[in-house]
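Here is how the chains run, residue by residue.
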Amino acid sequence: MITSVKLKGFGPIKDFEWNETGKVNLVIGPNKSGKTYLLKSLYSAIKSIESYKRGKDVRRDAEILFDKLYWTYQPDQLGNLVSFGSKSLEFAMTLDGNQRLAYTFGSSANKQVTVTENTCQPRTENSIFLPAKEIISLQQIIIRVRDEYQEFGFDDTYYDLAKALTPATKGKNYKKFSVSRTKLDNAIGGHIEYDSQRNEWVFKEGKRAISISMASEGVKKLSILDALLGNHYLSKGSIIFIDEPECALHPSLVSQLMDIIYELTKVGLQFFIASHSYFVIKKLYLLAHQKDMRIPVVSFDREEGYFCCDLRDEMPANPIIDESIQLYNEELDL
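Residues numbered from 1 in each chain as written. Predicted model: local features only at pLDDT ≥ 70, side-chain atom pairs only at ≥ 80, totals over all residues. Heavy atoms only, no water.

**Q** Is there a simple way to explain the sheet that holds strand β4 (residues 88-95) in this structure?
**A** Adjacent strands of a sheet pair through backbone hydrogen bonds, lying either parallel or antiparallel. Here we have 5 strands laid out as an open sheet, ordered β2-β1-β4-β5-β6, and antiparallel in their pairing. Edge positions in the open sheet fall to β2 (13-19) and β6 (114-118), since each of these has one partner strand only. Taking the axes of each pair of neighbouring strands and ignoring which way they run, one obtains an average angle of 10° across the sheet. As paired strands, strand β5 (residues 99-106) and β6 are joined by 4 bridges and run antiparallel to one another. (Pairing = 2+ DSSP bridges. Helix = DSSP H or I, 4+ residues; strand = E, 2+ residues; numbered from the N terminus. Axes fitted to C-alpha atoms, helices over the stretch in contact; angles between N-to-C directions.)

As structure tokens, this is what we get:
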């Protein structure tokens, strides 16, 4: 589990430190304030750790970090990730057991990443990033663009997810995921399977199977999580990053998804969620109090920086809540 992160001069994030993260972590703030930058920085780091010394990969940690940062952010050159006016970028992350990964590079860097500390043990777990847009209907296109053409377009959050979406292997499912998968199937009224004869994913509602392209965006989005739980890609210790889980989901499905996320934390998964949704914030606030659960929050502000709090203690002041209150007041004035 990621327990802390520190960024300095990282894109829109000038100076940032987040300690004592929890099983569910929420990131909020206006557009261009750094939410996705933060999630991608954590994702790039944890995926680099998971690749290091795994299988036949003989690359140095600095080489893996460069590749992951390059294909995740897709800058013209690596130094473009450094904040405007800063000379260098610094990143540090701590995992359970006081394992640390830290690196830096300058604003003129092309491929030079300097790993200043790496005490992380090899990880057998797989982590994943679920972007705002569903990708299952574009899976083969995303893989082809990268593997055959090596072109920018779909960053590594999309590519890694497309590669992870393999058909479920035969054998027993993880029992610890059964409650969450049942809730997912009930929420969307079915599940996805790979039809080898049709060479495509299909959505199954009972005995009826339809092409995944005919399913709704929300159904496809939640089906992806179910597929990753079913094909054994995710396991205890996996970290899931979700960017705007509310996209294409009805508020009732948003609420159900937050309940499912809570169930998955009970079996050892960790979540980092970036959101613009009042429904996401309110549901997590209720879960924090109903379950007596820490849910750390970072609220970014383009002018004032950021502040941290815990939903178990308070509902943070932020533009999402402010806009909801403003609309309510306007309604009262009618």
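Next comes the rest of the account.
**Q** Looking at this model, I keep getting lost on the pairing of strand β9 (residues 200-205). Mind explaining?
**A** Strand residues, when the strand is regular, have side chains that alternate between the two faces of the sheet. Inspection of the sheet shows strand β8 (residues 191-195) paired to β9 by 5 bridges, in the antiparallel sense. Counted as the bridge partner of D195 is E200 from β9. Linking two consecutive strands that pair antiparallel, namely β8 and β9, is a turn of 4 residues; a positive phi of about 55° is found at N199 within it. As paired elements, β9 and strand β10 (residues 208-211) share 4 bridges and run antiparallel to each other. Each bridged residue has a counterpart across the sheet, and for F203 the counterpart in β10 is I210. Taking the residues that link successive antiparallel strands as the turn, the β9-β10 hairpin has 2 residues, and the phi of G206 there is positive, at about 65°.

**Q** Is there a simple way to think about the packing of helix α3 (residues 139-149) against helix α4 (residues 156-164) in this case?
**A** Packed helices, taken two at a time, are described by their axes: the angle between them and the distance between them. For the pair α3 and α4, the least separation of the axes is 9 Å and the interaxial angle reads 115°. Here the hand of the crossing between α3 and α4 comes out left-handed. Note on element contacts: α4 touches α3 through D156, Y158, Y159, A162 and K163, opposite Q139, I142, I143, R146 and D147. When grouped by side-chain class, the residues that make up the contact of α3 with α4 number 5 nonpolar, 1 polar and 4 charged. (Left-handed = near helix turned anticlockwise from the far one by under 90°. Contact = heavy atoms within 4.5 Å. Nonpolar A, V, L, I, M, F, W, Y, C, P; charged D, E, K, R; others polar.)

**Q** Help me understand the environment of F10 in this model?
**A** For F10, the position within the fold is in strand β1 (residues 2-10). C-alpha of F10 to C-alpha of Q270: the two residues are 260 residues apart in sequence and 23 Å apart in space. Sequence-distant contacts of F10, that is, excluding residues within four places in its chain, are made with Y37, S41, L69, Y73, L81, S83, L89, F91 and Y103.

**Q** What's the story with the packing of aromatic side chains in this structure? I'm lost.
**A** What characterises a pair of aromatic rings is the spacing of the ring centres plus the angle enclosed by the ring planes. In this structure the tally under the stated criterion is 21 aromatic pairs. With 6.3 Å between their ring centres and 55° between their planes, F300 and Y306 make a pair best called tilted. Owing to a relative accessible area of 28%, Y306 belongs among the partly exposed residues under this scheme. What links up through ring pairs into an aromatic cluster is the set F16, W18, Y43, F129, F241, F272, F300 and Y306. Stacked on the ring of F177, the Lys or Arg K176 has its end atom at 5.6 Å from the ring centre. (Phe/Tyr/Trp six-rings, centres within 6.5 Å; stacked < 30°, edge-to-face > 60°. Buried < 20%, exposed > 50% of the residue type's maximum accessible area, 1.4 Å probe, protein only. Lys NZ or Arg CZ within 6 Å of the ring centre and 35° of its normal.)

**Q** When you look at the sheet that holds strand β14 (residues 305-310) in this model, what are you seeing that I'm missing?
**A** In spatial order, the strands read β7-β11-β12-β3-β13-β14; together these 6 strands make up an open sheet with mixed pairing. Because the sheet does not close on itself, it has two edges, and the strands there are β7 (128-130) and β14. The sheet shows a mean angle of 15° between the axes of neighbouring strands, direction not considered. As judged from the 6 bridges shared by strand β13 (residues 296-301) and β14, these two strands associate in the antiparallel manner. Its bridge partner lying in β14, P296 is registered against D310.

**Q** I keep staring at the nonpolar core and nothing clicks. Help me out?
**A** When a protein is soluble and globular, its nonpolar side chains tend to lie buried together. Counting residues in each nonpolar core, the largest one holds 99 residues, and the members touching the most others are L38, F105, I128, L228 and F241. Of the residues forming this core, the biggest block, 8 residues, is contributed by helix α7 (residues 251-265). (Core = buried A, V, L, I, M, F, W, Y, C linked by side-chain atoms within 4.5 Å.)

**Q** Looking at this structure, I do not really get a negative patch on the surface. What am I missing?
**A** Among the surface-exposed residues, D322, E323, E330 and D333 lie close enough to one another that they form a single negatively charged patch. Secondary-structure assignment places D322 in helix α9 (residues 319-332). Given the relative accessible area of 45%, D322 is considered partly exposed. (Patch = residues over 30% accessible without salt bridge, like charges linked within 9 Å, V, L, I, M, F, W, Y side chains within 5 Å. Areas by Shrake-Rupley, 256 points an atom, 1.4 Å probe, with all protein chains shown as cover. Salt bridge = Lys/Arg side-chain N within 4 Å of Asp/Glu carboxyl O. Lys, Arg positive; Asp, Glu negative; His and termini not counted. Charge placed at Lys NZ, Arg CZ, Asp CG, Glu CD.)

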